[in-house]
Amino acid sequence: MQPEPTVFVVDDDDAVRESIIFLLESVNLAVEGYASAEAYLDSYQPDRAGCLVLDISMPGMSGLELQETLQAQQIRIPIIFITGHGDVPMSVRALKAGALDFIEKPFNKELLLSRINDALAWDLEIREEQARKVAEAVRTYADSIVETVREPLLVFDEQLQLLSANRSFYKTFQIPLSNDEVPVLTEFAQTLWNIAGLKQKLEEVVAKNAELHDFEIAHSFLEVGQKVLRLNACQLRQPADQAKRFLLAMEDITQRKRAEERSRVLLESTPDAMVVVNENGEIILANKHIKNIFGYSMKELVGQSVEVLLPERFRGHHVGYRSDYSEKPSVVPMG
């Protein structure tokens, strides 16, 4: 919820300042009064919308000097100057420097209210434009990051309708890029949501603001054939007043699974004690002969460093192993 726009009245003349405050409060405008420019600067908060009704001639820092100070600090707030008859040349100078308007004392109440309402509307328009620019910059930055991710990424809404995808998605599933991706994504969603268990999992993500972690699916897709995918999903962080969006990340682990299966066949067919490790040296498979030699079961070893099977004097040193497969799992003879 945005704070209510406020009219900040800065005037060293107590009578003028209080009369403006009384007028603005009588029409239910939020207003704050300050007896000096320095007092206003001390209380300034950048997130507070509104306008500044400012006396042009004051002891200490004048209204013009306050205007220049705000500009130097890149603070944009509409300024209406309240001036005496002799201040007209200074008022013209203020307008050239960016002030919105000026009104001579004694001021006309209806005219002052009209100018203030115009200033508040202008400030709201400026802030909305700044918010749009920030949002666009964030979207552009986020899109650039998404496009550098190697894994296919999909964005969907609360009805599980696919809204957008990154280039890796089209490349992975060999789908031609199109100006209108809605039909493509709708058709792909129909295929995806029919995979056993997936739609139910994503409905839980939507309904409970939960997260989906490492959910594996295997499916034969039209253009690319059989794929094994590891899926993760979560809600995207967005302002409360915007529709909910969810991100689905798809990691293609087809080649890894094939390599693991080849390793599994090799392990079960050999009389030697062997394990399969990943690129980090963590055990992902072991055959039955390992337990006979080391006393560890397959369940106990998976996820452990291969060094747990080495004599203590060899731990911390490079372990040579034969890499027979394309997706990193490597067979390590241990017997």
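Residues numbered from 1 in each chain as written. Predicted model: local features only at pLDDT ≥ 70, side-chain atom pairs only at ≥ 80, totals over all residues. Heavy atoms only, no water.

**Describing helix α9 (residues 254–269)**
Argument step 1. Under the 1.5 Å per step criterion, the end-to-end length of α9 is 23 Å for 16 residues, consistent within 8% with the ideal 22 Å.
Argument step 2. Every buried residue of α9 is listed here: Thr254, Ala259, Glu260, Ser263 and Leu267. (Helix = DSSP H or I, 4+ residues; strand = E, 2+ residues; numbered from the N terminus. Expected span 1.5 Å × (residues − 1). Buried < 20%, exposed > 50% of the residue type's maximum accessible area, 1.4 Å probe, protein only.)

**Section: the side chain of threonine 172**
Argument step 1. Summarising the element assignment, threonine 172 is placed in helix α6 (residues 167–172).
Argument step 2. Residue class for threonine 172 comes out buried when judged on its relative accessible area of 16%.
Argument step 3. A polar contact is formed between the side chain of threonine 172 and the backbone oxygen of serine 168, at a distance of 2.8 Å.
Argument step 4. Those residues in contact with threonine 172 that sit more than four places away from it in its chain are Pro152, Val224, Lys227 and Asp252. (Polar contact = N/O pair within 3.5 Å; in protein donor to acceptor, adjacent residues only side chain to side chain. Contact = heavy atoms within 4.5 Å.)

**Quick look at the sheet that holds strand β9 (residues 225–235)**
Argument step 1. What the 5 strands build is an open sheet, ordered β7-β6-β10-β9-β8; its pairing is antiparallel. Since the sheet does not close on itself, it has two edges, and those belong to β7 (162–165) and β8 (212–221), each with one partner. In this sheet, neighbouring strand axes are inclined to one another by 30° on average, regardless of whether the strands run parallel or antiparallel.
Argument step 2. Two elements, β8 and β9, share 8 bridges in a ladder whose sense is antiparallel. Bridged to serine 220 within β9 is glutamine 226.
Argument step 3. Across the sheet, helix α7 (residues 182–193) is in contact with β6 (153–156), β7, β8 and β10 (246–252); its angle to β7 comes to roughly 110°.
Argument step 4. Packing against the sheet, helix α8 (residues 198–208) makes contact with β6, β8, β9 and β10, and its axis sits at approximately 145° to β8. (Pairing = 2+ DSSP bridges. Axes fitted to C-alpha atoms, helices over the stretch in contact; angles between N-to-C directions.)

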